[in-house]
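What follows is each chain in one-letter form.
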Amino acid sequence: MTDRLADHHWGVEIPADAGLLSTVRVHLDEWLLGLGLSDDDRYDLVVAVNEAVSNAVEHAYAPGAAGSVRVAGEVRPDGSVHVVVADDGTWRVPPVELSDRGRGLLLMRENVDEVRVDRSATGTRVTLVLSGRHTTRGTFARSAPEEVTVAAHSGWVEVVVRGDVPARAGPAVRRRVLTAARGGAVPVVVDLRELGARSEGLVRALRAVVEAAEAAGNRVVVRAPEASPAREALAAAGVDQVVDLVPHVSPPTPRPPTPPPPPIRTR
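Residues numbered from 1 in each chain as written. Predicted model: local features only at pLDDT ≥ 70, side-chain atom pairs only at ≥ 80, totals over all residues. Heavy atoms only, no water.

Participant: Explain the overall build of the protein to me, please; I cannot follow it from the model alone.
Facilitator: Within the protein one finds 6 helices and 11 strands. Taking all 267 residues of the protein together, the buried fraction comes to 46%. As presented, the protein carries roughly 13,200 Å² of accessible surface, and 51% of it is formed by carbon and sulfur atoms. (Helix = DSSP H or I, 4+ residues; strand = E, 2+ residues; numbered from the N terminus. Buried < 20%, exposed > 50% of the residue type's maximum accessible area, 1.4 Å probe, protein only. Areas by Shrake-Rupley, 256 points an atom, 1.4 Å probe, with all protein chains shown as cover.)

Next up, the structure:
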């Protein structure tokens with residue numbers, strides 16, 4: 001394990017070994033403490049980084065293959081903290097079944113202000129941003145309203161939203177949809193046929209879901225009848241330009257399977 005600390009930059013490189021996660025957390029927290037971050041802000045960022053590193057350790061490399069994970073932190077002039085977690089493996093889509101697996105992206109998005117995922121044939125790079133005006137989000141602190149239901153299908157999930165979704169309900173709806181879509185990694189269809197007259201919270205939630213899906217290489221499908229209040233609300237907010245609007249639901253086209261990683265070269 002290598003570790004460096006200089007001014008407002010910090011970094012560490014570890015073998016892809018889950019047993020080293022606690023070491024990364026401790027070193028990162030010490031660096032953030034030295035920057036003067038509050039307990040809550042440090043906690044949120046450490047949780048997000050831990051999930052990113054854990055995902056890389058667990059999913060980037062084939063079983064038994066050697067690999068490494070790099071973590072680099074930087075403080076920007078605007079007070080924001082950027083942490084990049086990078087590996088040299090391949091991206092793997094989590095299972096669609098509604099279980100506790102695959103929630104890493106969701107936890108990252110719930111704890112920091114921005115998450116960017118860049119995938120290539122040579123590895124995955126996850127950028128986590130804690131803004132200078134970060135507000136602790138309280139992951140899963142609120143439950144989603146009962147009018148939001150989730151059903152798993154083969155390779156995709158369907159979320160049905162019924163009734164009004166005012167602005168105050170937006171975060172709960174966003175959390176429910178992102179949970180179902182595993183932070184955007186699983187294709188999702190949002191059914192709005194029974195949406196109520198109030199939809200401002202839904203519009204905000206969908207924007208966040210679209211951003212998460214795009215980062216994971218997916219596109220959100222929204223089921224809304226022609227000339228319906230739901231379509232009018234999405235069009236008025238411009239959300240209709242970033243989702244696939246359909247009157248009747250069709251399963252999203254799954255992405256092709258990720259090719260196996262190249263052989264590990266040893267010296």
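Participant: For this particular structure, what's the right way to read helix α6 (residues 229-237)?
Facilitator: Because an α-helix packs 3.6 residues into every turn, residues spaced three or four apart end up facing the same way. Among the residues making up α6, those that are buried are Ala 230, Arg 231, Ala 233 and Leu 234. On an axial view of α6, the arc spanned by its buried residues comes to 165°, and they lie on one face. Exposed and oriented more than 90 degrees from the buried face of α6 are Pro 229, Glu 232 and Ala 236. Looking at the buried positions of α6, the neighbouring elements they touch are β9 (188-195), α5 (200-215), β10 (221-223) and β11 (244-246). (Arc of directions from axis to C-beta. Contact = heavy atoms within 4.5 Å.)

Participant: Which parts of the structure should I look at to understand the sheet that holds strand β8 (residues 156-163)?
Facilitator: Within a sheet, adjacent strands bond to each other through the backbone by hydrogen bonds, running parallel or antiparallel. Read across the sheet, 5 strands follow the order β7-β8-β9-β10-β11 without closing on themselves; strand pairing throughout is mixed. A strand with exactly one partner marks an edge of an open sheet, and here the two such strands are β7 (148-153) and β11. For this sheet, the mean angle separating the axes of adjacent strands, direction not counted, is 20°. Sheet topology places β7 next to β8; 6 bridges connect them, and they run antiparallel. Considered in β8, the bridge of Val 150 is made with Val 159. Contacting β8, β9 and β10, α5 crosses the sheet at an angle of about 170° to β9. (Pairing = 2+ DSSP bridges. Axes fitted to C-alpha atoms, helices over the stretch in contact; angles between N-to-C directions.)

Participant: I keep staring at the packing of aromatic side chains and nothing clicks. Help me out?
Facilitator: Ring pairs (aromatic) are described by centroid distance and by the angle formed between their planes. In the structure shown here, the tally under the stated rule is 1 aromatic pair. Between the aromatic rings of Trp 10 and Trp 31, the centroid separation amounts to 6.0 Å while the plane-to-plane angle is 20°, which identifies the pairing as stacked. In this pair, Trp 10 is assigned in strand β2 (residues 9-15) and Trp 31 in helix α1 (residues 21-35), connecting sequence segments 21 residues apart. Trp 31 shares its class with Trp 10; the two are buried. (Phe/Tyr/Trp six-rings, centres within 6.5 Å; stacked < 30°, edge-to-face > 60°.)

Participant: I tried to follow the nonpolar core on my own but got confused; where do I start?
Facilitator: Buried together is how nonpolar side chains tend to be arranged in soluble globular proteins. Membership of the largest hydrophobic core comes to 33 residues, with the highest contact counts inside it found for Val 49, Val 53, Val 81 and Leu 128. When residues of this core are traced back to their parent elements, those giving at least two are β2, α1, α2 (39-59), β3 (68-75), β4 (81-87), α3 (104-111), β5 (114-120) and β6 (123-130). For this core, the element with the highest residue contribution is α2, accounting for 8 residues. Excluding anything up to four places from it in sequence, Leu 128 contacts Ala 48, Val 49, Ala 52, Val 81, His 82, Val 83, Met 108, Val 112, Glu 114 and Val 115. Listed in part, the 32 residues of the second largest apolar core include Ala 180, Leu 192, Val 203 and Val 222. (Core = buried A, V, L, I, M, F, W, Y, C linked by side-chain atoms within 4.5 Å.)

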